Every structure is written in C-alpha cells, then in structure tokens.
Amino acid sequence: MKQENKTVIKDFKAVEYMRKERDRIGRETQDMDFAVLQKYFTERRNLSKVFSCN
C-alpha cells in the first residue's frame, strides 16, 4: 500500500483547541438574539471563505 503524505502540526491538541474555540464563540454569542446570531454566523462563514486554502 502506498502511504499518503499527511500534514501534521507538532504539539497540536485538537480537543484543547476545540474547547477553547467553543468557549470563545459561546462568550461572543451569549447575549445575542436569533437575528443577530444569524448575521454573526453568516459573517463568520464569509470570512472563512476569504482565508480558505482552496
């Protein structure tokens, strides 16, 4: 079998990263109503397209 090249980030802790991001998003959105939440996530989605690796 041929082994695929994989990118590994040394010392990257996925679980720790996800917990920090979830907590950050929770703090940013805790007092938002539904309409503001929709706008927040739409803007975040559009921003992530700008920085996409593709």
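Criteria and cut-off values
- Just so you know, the residues in each chain are numbered from 1, in the order the chain's sequence is written.
- The predicted origin of the model limits local features to residues at a pLDDT of at least 70 and limits the giving and counting of side-chain atom pairs to 80 or more, whereas totals for whole chains, interfaces and linings rest on all residues.
- Hydrogens and water are ignored here; the side-chain numbers use all heavy atoms of the structure.
- Within this analysis, patches are made of residues with over 30% relative accessible area and no salt bridge. Like charges are joined at 9 Å or less; nonpolar side chains (Val, Leu, Ile, Met, Phe, Trp, Tyr) at 5 Å or less.
- Methods summary: accessible areas were calculated by the Shrake-Rupley approach with a probe of 1.4 Å, and residue burial reflects only the protein chains presented.
- Salt bridge, as used here, is a side-chain nitrogen of Lys or Arg placed within 4 Å of a carboxyl oxygen of Asp or Glu.
- The classification of residues rests on relative accessible area computed with a 1.4 Å probe and restricted to protein chains. Under 20% of the type maximum is buried, over 50% is exposed, and intermediate values are partly exposed.
- Helix and strand assignments follow DSSP, with helices taken as H or I runs no shorter than four residues and strands as E runs no shorter than two, numbered in order from the N terminus.
- We call two N or O atoms a polar contact when they sit within 3.5 Å, provided that within protein one can donate a hydrogen and the other can accept it, with sequence-adjacent residues counted only if both atoms are side-chain atoms.
- Stacked, tilted and edge-to-face are the three classes assigned to paired rings of Phe, Tyr and Trp, where Trp is represented by its six-membered ring and a pair needs centres within 6.5 Å; plane angles under 30 degrees give stacked, over 60 edge-to-face, the rest tilted.
- The angle between two axes is taken between their N-to-C directions and runs from 0 to 180 degrees, where each axis is a line fitted to C-alpha atoms and a helix contributes only its stretch in contact.
- Oblique is the label for any angle not covered by the other classes, which are roughly parallel (under 35 degrees), roughly antiparallel (over 145) and roughly perpendicular (65 to 115).
- Take the far helix as your reference; a near helix turned counterclockwise from it by less than a right angle gives a left-handed crossing, and one turned clockwise gives a right-handed crossing.
- By definition, residues are in contact when any of their heavy atoms lie within 4.5 Å.

**Focus on a nonpolar patch on the surface**
On the surface, a cluster of nonpolar side chains totalling about 450 Å² of accessible area is made up of Ile-9, Phe-12, Tyr-17 and Met-18. Using a relative accessible area of 45% as the deciding quantity, one classes Phe-12 as partly exposed.

**Here's the deal with the environment of Glu-28**
If you trace the backbone, Glu-28 turns up in helix α1 (residues 14-29). Expressed as a C-alpha distance, the spacing of Glu-28 and Tyr-40, which sit 12 residues apart in the sequence, is 9.5 Å. At 2.5 Å, the side chain of Glu-28 forms a polar contact with the side chain of Tyr-40.

**Quick word on the packing of aromatic side chains**
In total, this model carries two aromatic pairs according to the counting rule given. Between Phe-12 and Tyr-17, the aromatic rings sit 5.7 Å apart at their centres with planes inclined by 50 degrees, giving tilted as the arrangement. The class of Tyr-17 is partly exposed, set by a relative accessible area of 41%. With 4.9 Å between their ring centres and 85 degrees between their planes, Tyr-40 and Phe-41 make a pair best called edge-to-face. Residue classification places Tyr-40 among the buried positions, given a relative accessible area of 11%.

**As for the packing of α1 against helix α2 (residues 34-50)**
Where α1 meets α2, the axes come as close as 11 Å, and the angle between the chain directions of the two elements is 135 degrees. For the element pair α1 / α2, the angle class is oblique. Crossing geometry of α1 relative to α2 is assigned as right-handed. Contact residues: α1 offers Arg-24, Ile-25, Glu-28 and Thr-29, while α2 offers Leu-37, Tyr-40, Phe-41 and Arg-44.

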